[in-house]
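Listed here are the chains, written in short residue letters.
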Amino acid sequence: MRVCGVVQGVGFRPFVYRIASDGRLAGHIGNDTDGVTIEVEGSSDEVTRFLTRLREEAPPMARIDSIEVGELPPTGEAGFSIVESLVLGRVSTGIPADAATCADCRRELMDPYDRRYRYPFLNCTNCGPRFTITGSIPYDRPQTSMAVFPMCAACQAEYDDPRNRRFHAQPNACAQCGPHVWLCDADGLEIPSDDPITACIDRLMAGAIVAIKGVGGFHLGVDATNEPAVMRLRERKRRQGKPLAVMVRDLEVARELCELSEDEMGLMLLPARPIVLARSKDANGIAPSVAPGVPWLGVFLPYAPLQHLLFADDRVRALVMTSANLSEEPIAIDNDEARARLGAIADAFLMHNREILQRCDDSVVAVVDGAPQLLRRARGFVPLAVELPIDAPPLLAVGGHLKSVFTLARGRFAYQSQHLGDLESLSSLGFFEESLAHLMRTFEIEPEAVAHDMHPGYMSTSWARTWAEARGLPLIAVQHHHAHIAACMAEHATEGPVIGLSLDGTGYGTDGHIWGGEVLVCSLREFTRFAHLDYVPMPGGDAAVREPWRMAFGHLHAAGLDTGAGPMLSLLGGTAQETRVLTQMIERKINAPLTSSLGRLFDAAAAVILGRRKVDYEAQPAIELEGIAAEEPDDAAPYPIALESGEWPREPARLNVHALWRQMLQELKTGVPKARIAASFHSGIAHGFAQAAGAAREATGIDTVVLSGGVMHNRRLTRLLRRELETQGFRVLRHRSVSPGDGGLSYGQAAVAAAILRAR
Ligand code: ZN
Ligand code: ZN
Ligand code: FE
């Protein structure tokens, strides 16, 4: 049998050893380049049973993609053995992802009679750190940060015993031989105590901010029910508004804080233990500053033994556990680096001496319109491959600018990097390069082409140019919204053609304008623009993103509404002087680029409906607008959007929102509740784009619609669009395991580049 998939470093060989021994089968198992090879010999009943168990009882971290079975003449040998790995050629199965502490290990952790009682680094082949502690391939203890901890005799015996749960568990350790924790103050001086974990909890419960070293980096921990403490964390971290994730003791506590569906609980229990965005309950005791202005809360469960020990104390129910960094910088991993960067934020540090070799933030998922959707792909998912629908030569796709993720591809596999943050600072670029070097080594991929965004101003674009030039590699520029749609197509293994609704914040268009409300007709290789939101000016350029009232002004001006009048001024909260300046910018076309962005239309609507003049974090206005609409039923009457038909494929149609603005302002004036207005706005957008998709089908005969782009984080809009499109008889494809936002961009670029290179 040849078994392919994630079957190395996940306890697969001991599992096979066990089931073979149960059936008294002779034979052997060994790792090979793409998985494992197994030979078994015995009675045909037992061999059949073996095959069934192989399929049905594989260990939790394993993922079987295929089992090929062939027959060989019997050899008459006796006994089953695990043979040394004969690594021929390249290792495509590479390094497994990190997995949360398994139930067996959790039981040992809390068992006073177990030799690993309260040992914060226990793990086994079914659980523990993998990717984050590995420096290079093959995944073996000497290549991990466990190399400096020689195993004691007891641990070594477990490691060597194929019947043991810790057989070849690379990070195996105990209190005698493995890493340990300590608590220190902001100056790095150890705080003496018998039990650093209890001492840490004492401080947390007194309102202190503690930097806690985790699996993929440090967290900043603070009592989630202590409002002044959370406020202090926000001030020190210089992070306003943006919701903070909350780690909870168990599912029971999670259900006290949030409305959780079965699916959402299922997501919380994934071995990756991602952050799950769920509807928060009223008066749940969580400090208001944790997630101000939004009805959702990001909750997740402890996934490392150290975290389980924190929550084993009765006092601890919910802790803010946010990535330890300043705004969008990379997460801190090294002890000295953490002290230097976090010294002004944290009151104390819960340190340990197992080095983190790969930075990896927590992953984020949500159930959107009844289906799970990965919003940030990091710890627990990286470096697992995502399939491509066509063969790719070895290539690198560098992604976008914000929420950067790159992709390495070869053959049918795409390897996405972990979430790297915004490529605005040198430290983020350093993280990008560090991770690229590591994954190129891990998967032995030497890119032969480089795909990048068309935006000439992205740091990723100039980086790609320099890097490709130095290596003499061809560059492939991929339009931003085409890449979004291609990512979703590739995830669903379709090459198209499809109608793509690329609903997004910002992306550079082929006409030099800023796109983002796009109806595309595309295949993986190419696209044409069928329709788009009509262009409006963005007075001040990027300033209009930070100050959505400017965007509202741009929209109102474009709709021919009297922006100079008194009531309008009070609506935007501006001064007469400000509106004069903005009017001049627009009329003289100075620093007022044109945009068709739907994200910016949400910003503008939020500025008018909620009176939000400035944003604290990306997409905040849209998130708040969706938040207040959440109470309203889905069937709110849509505001009108007119489709002004173009001459496809020569000229795209335009979605005109003038009437939408007029009716919205009218209803605001007559005192219609803001929640209703926000709901009608969502309905109008969904209806307008569904209408455009219908027109595209008439023109092309294509009846598959693909939904992508950052605006698809909006659950309400996703739900409304999907329903309306399905009612019209469309097949609707949405993202599942690749982010609809810019985190999924590089995967889409890789798919487009593969299609272009194949055609060449
Ligand atoms: Zn375990
Ligand atoms: Zn030991
Ligand atoms: Fe985008």
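For every chain, the first residue of the written sequence is number 1, and numbering continues from 1 along that sequence. Lettering of chains starts at A and numbering of ligands starts at 1, both following the order in which they are written. Given that the model is predicted, a residue must reach a pLDDT of at least 70 before its local features are reported, and side-chain atom pairs must reach 80 or more before they are shown or counted; all residues, however, enter totals for whole chains, interfaces and linings. Each side-chain value is derived from all of the structure's non-hydrogen atoms; neither hydrogens nor water enter the calculation.

> Mind laying out the sheet that holds strand β3 (residues 35–41), listing which residues take part and the relevant values?
The rule for pairing is simple: two strands pair if DSSP sees at least two bridges between them. Labels follow the DSSP assignment, with helices taken as runs of H or I lasting at least four residues and strands as runs of E lasting at least two, numbered in each case from the N terminus. Strands sit in the order β4-β1-β3-β2-β5 across an open sheet of 5 strands; the sheet is mixed. The sheet terminates laterally at β4 (63–68) and β5 (80–82), the two strands that pair on one side only. Each strand of the sheet is rotated relative to its neighbour by a mean of 15°, with strand direction disregarded. Relative to β3, strand β2 (residues 26–31) runs antiparallel, the two being bridged by 6 bridges. The partner of N31 across the bridge, within β3, is V36. Contacts are residue-level and defined by heavy atoms, with any inter-residue pair within 4.5 Å sufficient. Lines fitted to C-alpha atoms define the axes here, with helix axes fitted over just the stretch in contact, and angles between the N-to-C directions of these axes take values from 0 to 180 degrees. Contacts from helix α1 (residues 12–22) reach β1 (2–6), β2, β3, β4 and β5, with the element oriented near 175° to β5.

> Outline the coordination of the zinc ion (ligand 1), listing residues and values.
Distances from the zinc ion (ligand 1) to its protein donors, C102 (SG), C105 (SG), C124 (SG) and C127 (SG), fall within 2.3 to 2.4 Å. A donor here means any N, O or S atom no more than 2.8 Å from the metal (3.2 Å for Na, K and Ca); water is not included, so a site may seem to lack partners. For four-coordinate sites, all angles between 85 and 135 degrees define a tetrahedron; for four- and six-coordinate sites, opposite donors beyond 155 degrees with the remaining angles between 65 and 115 define square planar and octahedral shapes respectively, and all other cases count as irregular. Around the zinc ion (ligand 1) sit 4 donor atoms, and with donor-metal-donor angles ranging over 104 to 120° the site reads as tetrahedral. Sequence spacing of the donor residues for the zinc ion (ligand 1), all on one chain, is C-x2-C-x18-C-x2-C. A residue pair is termed long-range when its members are at least 10 positions apart, and C105 in helix α3 (residues 103–109) and C124 in the loop between α3 and α4 (153–160) qualify at 19 residues. The burial state of C105 is the same as that of C124; both residues are buried. Exposed residues in this analysis have more than 50% of their type's maximum accessible area, buried residues have under 20%, and partly exposed residues fall in between, with area computed by a 1.4 Å probe over protein chains only.

> Tell me about the coordination of the zinc ion (ligand 2), and name the residues and values.
Donor atoms from the polypeptide that coordinate the zinc ion (ligand 2) comprise C152 (SG), C155 (SG), C174 (SG) and C177 (SG), at 2.2 to 2.4 Å from the metal. Coordination at the zinc ion (ligand 2) is tetrahedral: its 4 donor atoms span angles of 103 to 117° at the metal. In primary sequence terms, the donor set of the zinc ion (ligand 2) follows C-x2-C-x18-C-x2-C. Residue C155 is located in helix α4, and its partner C174 is located in the loop between α4 and β6 (181–185); the two are separated by 19 residues in the primary sequence. Under the relative-accessibility criterion, C155 is labelled buried at 0%. When its relative accessible area of 0% is taken as the criterion, C174 is described as buried.

> Residues and numbers for the domain arrangement of the protein chain, please.
Throughout, the edges of the domains are those of an automatic or database domain assignment. Domain assignment breaks the protein chain into domain 1 (2–82), domain 2 (181–352), domain 3 (385–486 + 745–759) and domain 4 (498–735). Placing the centre of domain 1 and that of domain 2 at their C-alpha centroids yields a distance of 42 Å.

> Talk me through the pairing of strand β21 (residues 498–508); I want residue IDs and the actual numbers.
Of all 11 residues in β21, 9 are buried; the element is thus mostly enclosed. When β21 meets strand β22 (residues 514–522), the two strands line up antiparallel, connected through 8 bridges. Looking at the pairing, S502 lines up with E518 of β22. Connecting β21 to the next strand, β22, in antiparallel fashion are 5 residues, including G512 with a positive phi near 85°. Pairing geometry for β21 and strand β28 (residues 704–708), over 4 bridges, is parallel. Pairing of G500 across the sheet is with V706, part of β28.

> Which residues make up the packing of aromatic side chains, and what are the values?
Side-chain rings of Phe, Tyr and Trp, where Trp is taken by its six-membered ring, are said to pair if the distance between their centres is within 6.5 Å; with planes under 30 degrees apart they count as stacked, over 60 as edge-to-face, and otherwise as tilted. Inspection of the entire model under this criterion finds 12 aromatic pairs. Ring centres 5.3 Å apart and planes at 65° place the aromatic pair F406 and F432 in the edge-to-face group. In this pair, F406 sits in the loop between β17 (385–397) and β18 (407–416) while F432 sits in helix α11 (residues 426–443), placing the two residues 26 residues apart along the sequence. A relative accessible area of 0% means that F406 is categorised as buried. Joined through ring pairs, the aromatic side chains of F406, F432, W463 and W467 make up one cluster. Residue placement shows R359 over the ring face of F431; its charged tip is 5.6 Å from the ring centre. Only lysine NZ and arginine CZ atoms are considered, and such an atom sits over a ring when it is within 6 Å of the ring centre and within 35 degrees of the ring normal. One cation-aromatic arrangement involves R613 over W549; the distance from NZ or CZ to the ring centre is 4.5 Å.

> Before we move on, could you go through the pattern of salt bridges and cite the residues and values that matter?
By convention in these notes, a salt bridge is any Lys or Arg side-chain nitrogen within 4 Å of a carboxyl oxygen on Asp or Glu. Throughout the structure, instances matching the rule amount to 42 salt bridges. Put simply, R412 and D391 hold a salt bridge, and the shortest N to O gap is 3.5 Å. Remark: D391 occurs in strand β17 and R412 occurs in strand β18; sequence separation between them is 21 residues. By relative accessible area, R412 is classed as partly exposed at 38%. Exposure remark for D391: the relative accessible area of 48% places this residue in the partly exposed category. Residue E632 pairs with R676 through a salt bridge whose shortest N-O separation is 3.6 Å. Placement of the pair is E632 in the loop between α19 (620–629) and β26 (642–644) and R676 in helix α21 (residues 674–700), with a sequence separation of 44 residues. One continuous salt-bridge network, built from bridges that share partners, spans D104, R107, E108, R165 and R166.

> Which residues make up the side chain of E518, and what values go with them?
The residue E518 is located in strand β22 in this model. The exposure class assigned to E518 is buried, which follows from its relative accessible area of 0%. Separated by 2.6 Å, the side chains of E518 and R529 make a polar contact. Polar contacts, as counted here, are pairs of nitrogen or oxygen atoms within 3.5 Å of one another; within protein the pair requires one atom able to donate a hydrogen and one able to accept it, and residues that are adjacent in sequence qualify only if both atoms are side-chain atoms.

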